[in-house]
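# Overview (structure and organization)
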Amino acid sequence: MAMNCKTRARAAVLLTVSGLCVSARADQVEVLHWWTSGGESKAVSVLKQNVEKQGVTWKDFAVAGGSGTNALTVLKTNVVAGHPPSAAQLKGPSIHDWAEQGALVSIDAAAQGWDKLIPTQVGKYLKYDGHYVAAPVEIHRMNWLYINKEALDKVGGSAPNNWPEFFALADKMKAAGYVAVAHGGQPWQDVNLWEGVVLSQGADFYRKALVDLDQKTLTSDKMIQVFDTVRKIGTYFDNGTTGRDWNLATMMVINGKAGMQFMADWAKGEFARAGKVPGKDYVCVPRPGTTGSYMFNSDSIAFFAQNGQTSATPGQLVLAKAVMSPEFQEQFSLYKGSIPARIGIPMDKFDDCAKRSYADEQSAIKSNTIVPSLAQGMAQSEAVAGAITDVVTKFMHSTQDSKTAVQALAAAAKVK
Ligand code: GAL
């Protein structure tokens, strides 16, 4: 069997598992990701081109579904079935979970000098047991509000700084015939909207509630106010929210059907792809009450061990280096709406929203008002994040009262 494999797969690392010949090809990488919207596909093609230029074949394993809802299920199924991809889009604590199970392979050979090039809030997830197992792609700011500029001007409004200003603007937009808030009613989008309202109570409050899972904070009056505010925001949705993808909600703001959307800055990739310019066609502002705070999400590419493989293949090392290259870091984020994860990439080619994201991130690091996104798996394990998601989604898709939701939230935080 092994002999046959050898003749078949040139330049391949050969492994024999349960009598089957499986190859982790050194000159090929299969990359699982969920970057399938217009802006996202454009961004990921930069990586594909980069590795292909270096003689490594890119086998695309794209699984549609915002926030990786479907992709992460496919990843689990494939790993359990003994067919992990060479690399996958992953983030936060889940990278350590995979590494703990022995699923990941070290890419130290490609990661020389990285310690100085990666901000600590991102870097802490990329290493396991002192070894790099993932490469950082970008940093996304989660707490943005996008506003259609024409709609804003038409109602004579200005970007809201706090909730009373937001609701006054939403009323005006509604009266002028716009869907005031474009929303996609998928669980992760519900939680992203909700976590932005949690952040409007302050970065310390957010951290105590969603990072420390402090029971007093979770059951506080302020948390009840959070749910009340979320309930009120829901009154500005249209009837078509159920299951709507985030990029379709963004499209409603792009084409002037809707006035506003609460979304992270991957929405900006869609505006950019539609030729829209910040300040002229749309406005990006931190969500009401969150101006000094920065809620982040950071994608990485994690490297999987295929069938007993103990060190990274040449193809995986080429991919790891490509992800960290200054060219990729800049171009990917220009298309995606994010800012580079790598320290020291010049921001001069970026638009005003990205420049603001970068400046706000730097000052939030100094003032300790930078927090990880719960909706994006940066703050908690999958079990806790999943339990909280269920509570928020149930609340947003029912008439449950805020006090009951807060009790359920406190219980969800105890899930192990
Ligand atoms: C996030 C991911 C982003 C973006 C978004 C929408 O989970 O980190 O890069 O792709 O989902 O699909």
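All of the points below concern the structure found in this document. Here the residue numbering is sequential within each chain, running from 1 through the sequence in written order. With pLDDT at 70 or above as the cut-off, local features in this predicted model cover only qualifying residues; side-chain atom pairs require 80 or more to be listed or tallied, and sums for whole chains, interfaces and linings still use all residues. Hydrogens are left out, water is left out, and the side-chain values use all remaining heavy atoms of the structure.

### Side note on the overall build of the chain
- Note on conventions: DSSP H or I runs of at least 4 residues are helices, E runs of at least 2 residues are strands, and numbering of each starts at the N terminus. Of regular secondary structure, the chain possesses 18 helices and 17 strands.
- The globule rule is 2.2 Å times the number of residues to the power 0.38, and the radius of gyration it is compared with is taken over C-alpha atoms. Compactness check: the chain gives a C-alpha radius of gyration of 22 Å against a globular reference of 22 Å for 416 residues, within 12% of the reference.
- C-alpha extents for the chain along the principal axes are approximately 75 × 45 × 40 Å.
- Any residue under 20% of the maximum accessible area for its type is buried, any over 50% is exposed, and the rest in between are partly exposed; the area is computed with a 1.4 Å probe on protein chains only. Looking at the chain as a whole, 58% of its 416 residues qualify as buried.
- Note on contacts: a residue pair is in contact if any heavy atoms of the two residues lie within 4.5 Å. Sequence-distant contacts, at least 24 apart, represent 75% of the contacts inside the chain between residues at least 6 apart.
- As displayed, the chain has an accessible area near 16900 Å², and 52% of this comes from carbon and sulfur atoms.
- Side-chain charges in the chain split into 42 positive and 38 negative, and the spacing between the mean points of these groups amounts to 1 Å. Residue burial considers only the protein chains on display, and all accessible areas are found by Shrake-Rupley using a 1.4 Å probe. Neither His nor the chain termini are counted; the positive set is Lys and Arg, and the negative set is Asp and Glu. Working definition for charges: the position is that of NZ of Lys, CZ of Arg, CG of Asp or CD of Glu.

### Quick notes on helix α9 (residues 203-211)
- Among all positions of α9, only Ala203, Phe205, Tyr206, Arg207, Ala209 and Leu210 are buried.
- Where α9 is buried, its residues contact α8 (187-199), α10 (215-218), α11 (221-234), β14 (294-297) and β17 (370-372).
- The first or second residue beyond α9 is leucine 213, which carries a positive phi of 55 degrees.

### Digging into the nonpolar core
- Only buried Ala, Val, Leu, Ile, Met, Phe, Trp, Tyr and Cys residues count toward a nonpolar core, and they belong to the same one when joined by side-chain atoms within 4.5 Å. Core analysis: the biggest nonpolar cluster contains 77 residues, and Phe166, Met173, Trp194, Met223, Ile233, Leu374 and Ile388 have the highest contact counts within it.
- Here methionine 173 is in contact with Ile147, Ala151, Leu152, Val155, Tyr178, Ala180, Gly259 and Met260, once residues within four sequence places are set aside.
- By size, the runner-up hydrophobic cluster in this structure holds 63 residues, among which are Val51, Trp114, Tyr125 and Ala320.

### Here's the deal with unusual backbone geometry
- The backbone phi angle of serine 67 is positive, close to 70 degrees, even though this residue is not glycine.
- Following the sequence through the fold, serine 67 ends up in the loop between β4 (57-62) and α3 (71-80).
- For serine 67, a relative accessible area of 16% corresponds to the buried category.
- The backbone phi angle of asparagine 368 is positive, close to 55 degrees, even though this residue is not glycine.
- Judged by relative accessible area, which is 46%, asparagine 368 ranks as partly exposed.

### Things to note about the sheet that holds strand β8 (residues 134-136)
- By this definition, two strands are paired if DSSP reports at least two bridges between them. One open sheet accounts for five strands, arranged β4-β3-β5-β15-β8; its pairing is mixed. The open sheet has two edge strands with one neighbour each: β4 and β8. Each adjacent strand pair in this sheet contributes to an overall mean axis angle of 25 degrees, direction not counted.
- The pairing of strand β5 (residues 87-90) with strand β15 (residues 300-303) spans four bridges and is antiparallel. Paired with alanine 88 across the bridge in β15 is alanine 302.
- Of the strands in this sheet, β3 (28-33), β4, β5, β8 and β15 touch helix α14 (residues 314-324), which is tilted by about 165 degrees from β15. Here an angle of 0 to 180 degrees is reported between the N-to-C directions of two axes, which are lines fitted to C-alpha atoms, with helices fitted over the stretch in contact.

### Focus: the side chain of lysine 268
- Mapped onto the secondary structure, lysine 268 falls in helix α13 (residues 267-273).
- Beyond its immediate chain neighbours, meaning those up to four positions away, lysine 268 contacts Tyr146, Tyr282, Gly337, Asp351, Cys353 and Ala354.

### Here we look at empty space enclosed by the protein
- Of the grid points, spaced at 1 Å and generated over the protein atoms alone, those admitting a 1.4 Å probe that cannot get out make up cavities, while open sets with protein on both sides within 12 Å along at least five of seven lines make up pockets; any residue with an atom within 4 Å of a point is treated as lining. Grid points are joined across faces, edges and corners, and a volume is the space filled by probe spheres set on the points. Evaluation of the coordinates by the stated rule reveals two cavities of 30 Å³ or more.
- Roughly 90 Å³ of internal volume is contained in the largest cavity.
- Forming the walls of the largest cavity are 13 residues, and the residues nearest its centre are Trp34, Glu40, Ser67, Trp266 and Gln376.
- Of the residues belonging to the lining of the largest cavity, the class tally is five nonpolar, four polar and four charged.
- Estimated volume of the second largest cavity: approximately 40 Å³.
- The wall of the second largest cavity is formed by Lys91, Gly92, Ile95, Gln121, Val122, Tyr125, Leu126, Ser298, Ser300 and Met378.
- Considered class by class, the residues forming the lining of the second largest cavity number five nonpolar, four polar and one charged. Gly is put with the polar residues, along with every residue not named as nonpolar or charged; the nonpolar set is Ala, Val, Leu, Ile, Met, Phe, Trp, Tyr, Cys and Pro, and the charged set is Asp, Glu, Lys and Arg.

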